[in-house]
Amino acid sequence: MTATASSSTVPVEEWVRSFTDASDNDPEIQAHGKYFTCGYLLDMENHHFVVRMISGRVAEVAVDPGPLDVGYQFAIRASAETWRGFATEIPAPMYHGIWAATFRRDMKLEGDVLVLMQNLRCITRQIELLRTVRVPV
Amino acid sequence: MPRISPVTGRYVTVDVDDIQYKVFYLENGSGQPLVCQHTAGCHNHQWRGLLEDEEVTRDHRVIAYDLPRHGKSDPPENTEWWKEEYRLTADHYTKFIVALCDELELDQPIFMGSSFGGNVALQLALRYPDRFRAVIPVEGADYSPGFYLDWWQHPHANAAQVCASGVWDLMAPQSPEADRWKTWFYYTQGSEAFKGDLYFYSVDHDLRDKLDQIDGERCPVVMLTGTYDYLTTPDDGRRTADHIKNAHFIEMEDIGHFPMSENHEVFRRYLLQALERIGSRSATAQA
């Protein structure tokens with residue numbers, strides 16, 4: 001199945017702002033993210049980002065950092081096509097979450113996956129925010 | 001008038017393999033027994049919509065039990081179960097279900113289960129075809145590897161949230177948010193049993209070379225699978241049904257791995273089709 005592409009690609013700077021705002025104002029993350037402190041890589045093929053979270057708030061989103069510029073604990077990697085599948089209001093089957101896309105598409109969960117598991121509820125919610133803020137690829 | 005549900009709960013004592021269990025079950029309705037198994041690491045509230053579904057309960061006695069170690073069914077009454085790792089096997093699981101049906105004196109029940117309950121429905125059709133009028137494997141398949149994971153009980157992570165959020169993607173985004181969150185909530189309660197259940201689901205259950213031994217004429221098999229299920233996909237369900245004599249497969253649109261719990265209103269439409277195919281609905285009910 002081919003994912004439905006976003007109607008247009010969101011400019012990177014605009015995406016960083018809207019992702020940060022959506023996360024910092026999300027009632028669920030703010031209600032349950034007291035210990036949501038970690039750094040992770042979002043590899044979207046055409047761009048990659050390191051999201052650094054502190055106590056449930058976005059401290060920094062590094063855009064296309066160099067190889068050793070910014071540390072992170074785990075990585076969520078997938079093709080731009082897969083990420084575009086996430087960026088729709090109602091994603092098609094297997095584009096509806098990181099477990100689904102890891103089992104059935106080309107998504108990879110790498111690095112210290114324990115940290116992902118420790119923050120799974122908030123990460124799951126944060127990735128679902130892509131349904132409204134879309135993706136910059 | 002007090003708003004009391006017609007659903008009642010009772011306990012029944014069941015002996016299997018020299019182990020004694022005190023089993024909690026919910027029931028409502030009368031007529032053809034319809035025995036319902038929840039998913040791994042969960043409990044019988046997943047069937048809350050079906051238990052109060054008047055169209056089904058007017059000619060079916062819906063019985064939704066908690067498998068031992070789940071919900072209100074305790075672990076074994078007569079063994080030091082805390083000294084062993086829990087790993088559910090197909091042999092014990094099927095014997096338990098038959099013993100439960102015997103204890104409740106059910107005559108030719110229909111068995112329906114989801115996920116590891118769907119897989120055990122296939123095992124029942126193979127091992128005890130004359131004991132059931134039919135089986136309805138929901139989100140089941142001949143083989144479902146990949147979910148017997150240490151993450152469900154990792155000591156450095158919050159097992160309740162790992163289990164609950166780990167199965168979140170098994171539900172469809174179209175399913176009502178409140179029902180998905182109820183299902184999530186149930187999954188925060190069962191991490192200790194979840195992994196042991198998944199030993200059956202992903203390791204002990206393997207019918208890939210036995211499907212031709214299931215006779216869907218002797219024990220009708222109607223399989224239901226949702227399009228958002230990433231563990232047992234519609235392709236897995238269809239492939240399984242294709243290899244069982246006289247089995248029937250129904251793909252359920254826009255629903256996932258916990259259909260009865262995440263969206264009963266969508267699930268019931270497909271379930272009614274399955275019951276019609278089995279022939280358990282009365283003429284009045286179908287009118």
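Residues numbered from 1 in each chain as written. Chains lettered and ligands numbered in written order. Predicted model: local features only at pLDDT ≥ 70, side-chain atom pairs only at ≥ 80, totals over all residues.

Peer 1: Help me understand the overall build of chain B, please; the structure alone is not making it clear to me.
Peer 2: A count of helical and extended segments in chain B gives eleven helices and eight strands. Its C-alpha atoms give chain B a radius of gyration of 17 Å, near enough to 19 Å, the size a compact globule of 287 residues would have. With the C-alpha coordinates aligned to their principal axes, the bounding extent of chain B is approximately 55 × 45 × 40 Å. Within the span of chain B, comprising 287 residues, buried residues form 55% of the whole. (Helix = DSSP H or I, 4+ residues; strand = E, 2+ residues; numbered from the N terminus. Rg over C-alpha atoms; globule rule 2.2 N^0.38 Å. Buried ≥ 20, exposed ≤ 12 C-beta atoms within 10 Å, placed from the backbone.)

Peer 1: I would appreciate a short explanation of helix 5 (residues 159–166) of chain B in the present structure.
Peer 2: For the α-helix, the turn length of 3.6 residues means that residues three or four positions removed from each other point alike. Here helix 5 of chain B lies mainly inside the structure; seven of its eight residues are buried. For helix 5 of chain B, the full list of buried residues reads B:Ala159, B:Gln161, B:Val162, B:Cys163, B:Ala164, B:Ser165 and B:Gly166.

Peer 1: Sorry if this is basic, but what is going on with the confidence of the model for chain B here?
Peer 2: Regions with low pLDDT should not have their predicted coordinates read in detail. Per-chain confidence: chain B averages 97 in pLDDT, with 98% of residues scoring 70 or above. Across the predicted assembly, pTM comes out at 0.96 and ipTM at 0.94. (pLDDT = per-residue confidence, 0-100.)

Peer 1: Would you mind showing me how to read helix 6 (residues 177–187) of chain B here?
Peer 2: All names here are of chain B. Listed as buried for helix 6 are Arg180, Thr183, Trp184, Tyr186 and Tyr187. Looking straight down helix 6, one finds that the buried residues subtend no more than 160° of arc, so they occupy a single side. Opposite the buried face of helix 6, at more than 90 degrees from it, the exposed residues are Ala178 and Phe185. Structurally, helix 6 contributes buried residues whose contacts are with helix 5 and helix 9 (259–262). (Arc of directions from axis to C-beta. Contact = placed C-beta atoms within 7 Å.)

Peer 1: Any chance you could explain the interface of chain A and chain B here in plain terms?
Peer 2: Accessible area lost during the coming together of the parts is what is often quoted as the interface size. Counting residues at the interface gives 17 residues for chain A, matched by 16 residues for chain B. Within the residue set of the side of chain A that touches chain B, elements represented by two or more residues are helix 4 (98–104), helix 5 (113–118) and helix 6 (120–128) of chain A. Per-element tally for the side of chain A that touches chain B: the top contributor is helix 4 of chain A, with five residues. Broken down by class, the residue content of the side of chain A that touches chain B amounts to eleven nonpolar, four polar and two charged. (Nonpolar A, V, L, I, M, F, W, Y, C, P; charged D, E, K, R; others polar.)

Peer 1: Even after reading the chapter, I still don't get the sheet that holds strand 5 (residues 108–111) of chain A, so can you show me in this structure?
Peer 2: Across a sheet, paired strands are connected by hydrogen bonds in the backbone, their directions being either parallel or antiparallel. Residues and elements named next belong to chain A. Strand order in the open sheet made by the five strands is 3-2-1-4-5, with mixed pairing throughout. With one partner strand each, in any of the chains shown, strand 3 (57–63) and strand 5 form the two edges of the open sheet. Adjacent strand axes in the sheet meet at a mean angle of 20° when their direction is disregarded. (Pairing = 2+ DSSP bridges. Axes fitted to C-alpha atoms, helices over the stretch in contact; angles between N-to-C directions.)

Peer 1: Help me understand the packing of helix 3 (residues 90–103) of chain B against helix 4 (residues 116–127) of chain B, please; the structure alone is not making it clear to me.
Peer 2: Packed helices, taken two at a time, are described by the angle their axes make and the gap between the axes. All names here are of chain B. Contact pair helix 3 / helix 4: the axes reach a minimum separation of 10 Å and the direction vectors enclose 80°. Compared by their axis directions, helix 3 and helix 4 come out roughly perpendicular. Contact residues: helix 3 offers Ala90, Tyr93, Thr94 and Ile97, while helix 4 offers Val120, Gln123, Leu124 and Arg127. Tallied by class, residues from the contact of helix 3 with helix 4 come to five nonpolar, two polar and one charged. (Parallel < 35°, antiparallel > 145°, perpendicular 65-115°, else oblique.)

Peer 1: It is not clear to me how the pairing of strand 1 (residues 38–43) of chain A should be interpreted in this structure. Could you clarify?
Peer 2: Both faces of the sheet carry side chains from a regular strand, because those side chains alternate between them. Residue and element names in this part refer to chain A. The pairing of strand 1 with strand 2 (residues 48–54) spans six bridges and is antiparallel. The residue of strand 2 that forms the bridge with Leu41 is Val50. Between the antiparallel neighbours strand 1 and strand 2 lie four residues, among them Glu45 with a positive phi of about 75°. Pairing between strand 1 and strand 4 (residues 74–77): four bridges, direction parallel. Bridging from a neighbouring strand, Asp43 pairs with Arg77 of strand 4.

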